[in-house]
Amino acid sequence: MSSAPIPWKYLRNILVLFAPLWVGSALLFGIGGLGIAVLSKDRWSARQPLVLRDEANGAVDRLGRFSSQTELKAAQETILELAQNPEVVAAALRQIGPVGGGNDPTYPSAREVDEIAKESVNVVAPQGREFGNTEVVYLTVEAETQERAGEFCRVLLDSLTSHLREVRRIRADSVIVELTHARDLARQKLDSALGRMREIELQVGSDLGELRNLNDTISGDGANRRSMQEIERELQTAELEMRRLDSLYQLLLAGSQNARTLLISGDELLSSQPSLQRLKDGLIDAQIEASRLASVYTTEHPRRRAAITTEREIEQRMLEEARGALRAMEPTLRLSTERVRRLREQHSDLGEKLTRLAGVRTGYSKLDSEIRALTDHLAGAEEALSKAQASRSAALSTNLLSELGPPQVGDTPEGMSGSMTTFGSMIAGLVFGLGTVFLVAPGPTGPTFGRRLGDYLTGRRSTDPGNHPPGQRPVEGAPPSGVERRRR
C-alpha cells in the first residue's frame, strides 16, 4: 500500500516552523563562501605560444623538422619537464622578485618553488590535443596580478631557453667525448696497421711497386710477371740460337778433320759461311768431274790426274777454311752461351722474387684492406665529431624554441569570482538546510502522526506501534499507538 501524499499546507507550515534551520544554514554557508572569496587571492593566467623544431645539424634535408611523431612528442615532453624543473622556476622567480616587491635574499624558498612549479607552470598542446600532433605548444603560467603573470611568463621562457641550451651543450659535450674516444681509438688502430705495412714495404724494398701492382690488379699481371714472360721468350730464342751455333761448331770441328763430312751438312748450317758453301759446291763439282773422267781415262791420264789434284786441293782448302771458321766462331758461341746463362739467371731471379712476393701478398692484401676499412672508419668518426662540435656551437648561439608573438595574458582572473563563490555557497547551505528539515520534521496529523517525513520514502519501521501482525499483542511496555491514544 502506498502512503498518502503530503498536503501542501502541511509542507508550508513545516517550512515556516523550521525556517531558522534552513535559513541559518544558507546564511552560514554564504558567510563561509564570502570568507573564502575574501581570503582567496585572484590568479591571473598568461601563456606564450611557441614553435619547437629539431636540430638542423645532420638533417639539412628535413630543414629542422622532426623525422617522426614519436621524436616530436619526446621533445615536447622534455620541454614540459624543463619548464617545471625547480631550477628553471627558481631562476625566473629570482629575476621577477617577491610579490610585494623588495629585496628578499631568501626568496624563493624551496616550498614556494615546488608549489609554483606543480600548480602554476605547465606546457600544453593547442586546443587540448596531445603532444606529438603539432609543433606548436603553449607555455602557461599563473601569478597574483596581470602584470606579474606576463612578466613571469617572459622570464620563465628566458630561463627555459637558457637551461635548454645548457642541456644541449651537456649532451653535445658527452657526445663529443665519446666520439673523440672513438676517433682516437680508430687512429691508434690505423697507426698500428700502417706500422706493420711499413715493415712489410721495407722488407720488400725495390719490389714495392710490383707488390702494390699485384695487390691492386685483379689478374695479378705485374711488371715482373711481364718481364719474366719476355725473358722466357728471349731465353727460348737464345737457346735455339746457341743450339744452332753449337751444331755448326761441331760440324766445322768435324769438317776441320775431314772435309768430306761437310758434304753431308745442309745449306742451313753453312748459310753463315759462304766461303765453305762455295768450296762445298766446288768439291762436289770436282768429285763429279773426277768420277766422269774415271769412267773414260786411267789414273795415268793427265786430265784425270788434274781432276784428282783439283779435288785434293779443294779438300785441303776446305780444311783450312773450316779451321778458320772454328776460330772465328768460338767468340760468337761463347757470347751465345753467356747470353743464355744470363737469361737463365734473370729468369731464376724473377721466379724467386715472384715467389717471395706471392708469400707476402696475402698478408699485405689483408693489411691493405684493414687499413682501408680503418681509414673509412676514422673518416666517419671525424665527420661525426665535426657534427657534434657544430651542434655544441649551435647550442650556445641558437634556440630551438621560437616565439609566436608576445605572451598572452587573460582579461579576467582564473576561477570563479567572489560573488559566484558566495552565491554558490548559499545555494549549498539552502540545500543542506532543506535536506535536514526533510529528515527531522514530523509527519502530518492523523493515523501516522509523529512519523518523520523521511519515513514516507523508506516505509514504516518494524518497531512502530500497530505494525505487528493481526492477533498478536503488542510488546509489554511499548508506547500506545495513535489509535489507542484516541480511544483513551
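Scroll up to find the structure.
Predicted, not measured: the structure shown is a model, and the values here were computed from it.

Caption draft 1: Region of interest: the overall build of the chain. Along the chain, the regular secondary structure elements total 13 helices and five strands. Of all 488 residues assigned to the chain, the portion counted as buried reaches 34%. Within the chain, contacts between residues separated by at least 24 positions form 74% of all contacts whose residues are at least 6 apart in sequence.

Caption draft 2: Focus on helix H3 (residues 69-83). In this model H3 runs 21 Å from its N-terminal to its C-terminal C-alpha over 15 residues, within 8% of the 21 Å that 1.5 Å per residue would give. Among the residues of H3, Leu72, Ala75, Gln76, Ile79, Leu80, Leu82 and Ala83 are the ones counted as buried. Elements in contact with the buried residues of H3: strand E1 (44-52), helix H4 (86-96), strand E2 (121-124), strand E3 (136-143), helix H6 (146-204) and strand E4 (401-403).

Caption draft 3: Looking closely at the pairing of E3. Most of E3 is tucked away: six of the eight residues are buried. Looking at chain direction, E1 and E3 are connected through eight bridges and run antiparallel. Residue pairing in the sheet places Ser45 in a bridge with Glu142 of E3. Across four bridges, the pairing between E2 and E3 is antiparallel.

Caption draft 4: Here's a closer look at the environment of Thr134. Residue position: Thr134 is located in the loop between E2 and E3. For the pair Thr134 and Val51, spaced 83 residues apart in the sequence, the C-alpha separation amounts to 9.0 Å. At a separation of 3.3 Å, a polar atom in the side chain of Thr134 contacts the main-chain amide nitrogen of Val136.

Caption draft 5: How the structure looks around the packing of H4 against helix H5 (residues 110-119). Close contact between H4 and H5 brings their axes to 9 Å; oriented N to C, the two are set at 105°. Here H4 is positioned roughly perpendicular relative to H5, judged by the angle of their axes. Of the residues in H5, those in contact with Pro86, Val89, Ala90 and Leu93 of H4 are Val113, Asp114, Ile116 and Ala117. Taken together, the residues of the contact of H4 with H5 break down into seven nonpolar, no polar and one charged.

Caption draft 6: Examining the packing of aromatic side chains more closely. According to the stated counting rule, one finds one aromatic pair in the structure shown. Between Phe29 and Phe432, the ring centres sit 5.7 Å apart and the planes meet at 35°, which makes this aromatic pair tilted. Within this pair, whereas Phe29 is found in helix H2 (residues 19-39), its partner Phe432 is found in helix H11 (residues 418-440), the two being separated by 403 residues in sequence. Stacked on the ring of Tyr138, the Lys or Arg Arg47 has its end atom at 4.3 Å from the ring centre.

Caption draft 7: View of the nonpolar core. Counting residues in each nonpolar core, the largest one holds 38 residues, and the members touching the most others are Val89, Val121, Val123, Phe152 and Leu156. Those elements giving two or more residues to this core turn out to be E1, H3, H4, H5, E2, E3 and H6. Take this core: its biggest share by element is eight residues, from H6. With near-sequence residues (within four places) excluded, Leu156 lies in contact with Ala83, Val88, Val89, Ala92, Val121, Leu139 and Val141.

Caption draft 8: Broad picture of the pattern of salt bridges. Overall, the coordinates contain 15 salt bridges when judged by the stated rule. Here Arg196 and Glu370 are joined by a salt bridge, their closest N and O atoms 3.3 Å apart. On the criterion of sequence distance, the pair formed by Arg196 in helix H6 and Glu370 in helix H10 (residues 302-395) is long-range, its members being 174 residues apart. Overall, the relative accessible area of 33% leaves Glu370 in the partly exposed class. Via salt bridges that share partners, Arg183, Asp184, Arg187 and Glu382 belong to a single interconnected network.

Conventions we followed
- Residues numbered from 1 in each chain as written.
- Predicted model: local features only at pLDDT ≥ 70, side-chain atom pairs only at ≥ 80, totals over all residues.
- Heavy atoms only, no water.
- Helix = DSSP H or I, 4+ residues; strand = E, 2+ residues; numbered from the N terminus.
- Buried < 20%, exposed > 50% of the residue type's maximum accessible area, 1.4 Å probe, protein only.
- Contact = heavy atoms within 4.5 Å.
- Expected span 1.5 Å × (residues − 1).
- Pairing = 2+ DSSP bridges.
- Polar contact = N/O pair within 3.5 Å; in protein donor to acceptor, adjacent residues only side chain to side chain.
- Axes fitted to C-alpha atoms, helices over the stretch in contact; angles between N-to-C directions.
- Parallel < 35°, antiparallel > 145°, perpendicular 65-115°, else oblique.
- Nonpolar A, V, L, I, M, F, W, Y, C, P; charged D, E, K, R; others polar.
- Phe/Tyr/Trp six-rings, centres within 6.5 Å; stacked < 30°, edge-to-face > 60°.
- Lys NZ or Arg CZ within 6 Å of the ring centre and 35° of its normal.
- Core = buried A, V, L, I, M, F, W, Y, C linked by side-chain atoms within 4.5 Å.
- Salt bridge = Lys/Arg side-chain N within 4 Å of Asp/Glu carboxyl O.

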